[in-house]
Amino acid sequence: MTEEQRIVQELGDTVTGMTDFCGEKQPSFLFRFMVRMMRPLLSCEPDKMISKGSIRIRKMLHPFLLKILPAFLEYRQVIERTIEKPVIWCPNHSFKDDVAASIGAVRHAYILFGSFPMLFNTFDGIGAYINGVVMCNRKVRKSKLAAQETARRLLDMGMDMLVM
């Protein structure tokens, strides 16, 4: 059994197969590292996906992300109005850097991420993980329900959500 097959078997009802992680491509060189590092995000139990400690760490890292993001952006997002309560931000998709630009424009917000291949096989996935991410496997109902509950808990904890 390959390492990839073992990962899929261990995750059981969270994934339907390797295509969930990679589409039709082969896993990137980042894949194994990312799956090990981000394994709690693949849980269908919200308590395993987030904690007060992980939120605190990501809030401390957010200013660092804000400093480095402009170096990677061709365009910037502009937020026209803000409010104080926890917000669900839903920016439009308009250019290739829209997720990164949105992270730079809104206050610290966890990203609802529905693309396993993008998260587990790109450097964008590392940035999303550092920022804070709620994973949702769009093919698996149980994963969608867990992501919904996790987002609800984050909002209850005073965090914003970024939904693309």
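Here goes a summary of the coordinates provided. As the structure is a computational prediction, the values presented were derived from the model and not from experiment.

**Here we look at the side chain of Asp 20**
Along the polypeptide, Asp 20 turns up in helix α2 (residues 18-22). With relative accessibility at 5%, the residue Asp 20 sits in the buried group. Within the local environment of Asp 20, its side chain forms a polar contact with the backbone nitrogen of Thr 16, the two atoms lying 2.6 Å apart. Excluding anything up to four places from it in sequence, Asp 20 contacts Val 15, Phe 116, Pro 117, Asn 137 and Lys 139.

**Regarding the packing of aromatic side chains**
All told, the structure shown has four aromatic pairs when counted by the stated rule. Seen from their ring centres, Phe 21 and Phe 31 are 5.3 Å apart, and the 70 degrees between their planes marks the pair as edge-to-face. Within this pair, whereas Phe 21 is found in helix α2, its partner Phe 31 is found in helix α3 (residues 31-38), the two being separated by ten residues in sequence. Both residues of the pair, Phe 21 and Phe 31, belong to the buried class. Between the aromatic rings of Phe 116 and Phe 120, the centroid separation amounts to 5.6 Å while the plane-to-plane angle is 75 degrees, which identifies the pairing as edge-to-face. Taken together, the positions of Phe 116 and Phe 120, both in helix α7 (residues 116-121) and four residues apart, correspond to about one turn of that helix. An identical accessibility class is assigned to Phe 116 and Phe 120; each is buried. Among the aromatic residues, those joined into a cluster by ring pairs are Phe 21, Phe 31, Phe 116 and Phe 120. The side chain of Arg 58 reaches across the aromatic face of Tyr 129, ending 4.8 Å from its centre.

Conventions we followed
- Residues numbered from 1 in each chain as written.
- Predicted model: local features only at pLDDT ≥ 70, side-chain atom pairs only at ≥ 80, totals over all residues.
- Heavy atoms only, no water.
- Helix = DSSP H or I, 4+ residues; strand = E, 2+ residues; numbered from the N terminus.
- Buried < 20%, exposed > 50% of the residue type's maximum accessible area, 1.4 Å probe, protein only.
- Polar contact = N/O pair within 3.5 Å; in protein donor to acceptor, adjacent residues only side chain to side chain.
- Contact = heavy atoms within 4.5 Å.
- Phe/Tyr/Trp six-rings, centres within 6.5 Å; stacked < 30°, edge-to-face > 60°.
- Lys NZ or Arg CZ within 6 Å of the ring centre and 35° of its normal.

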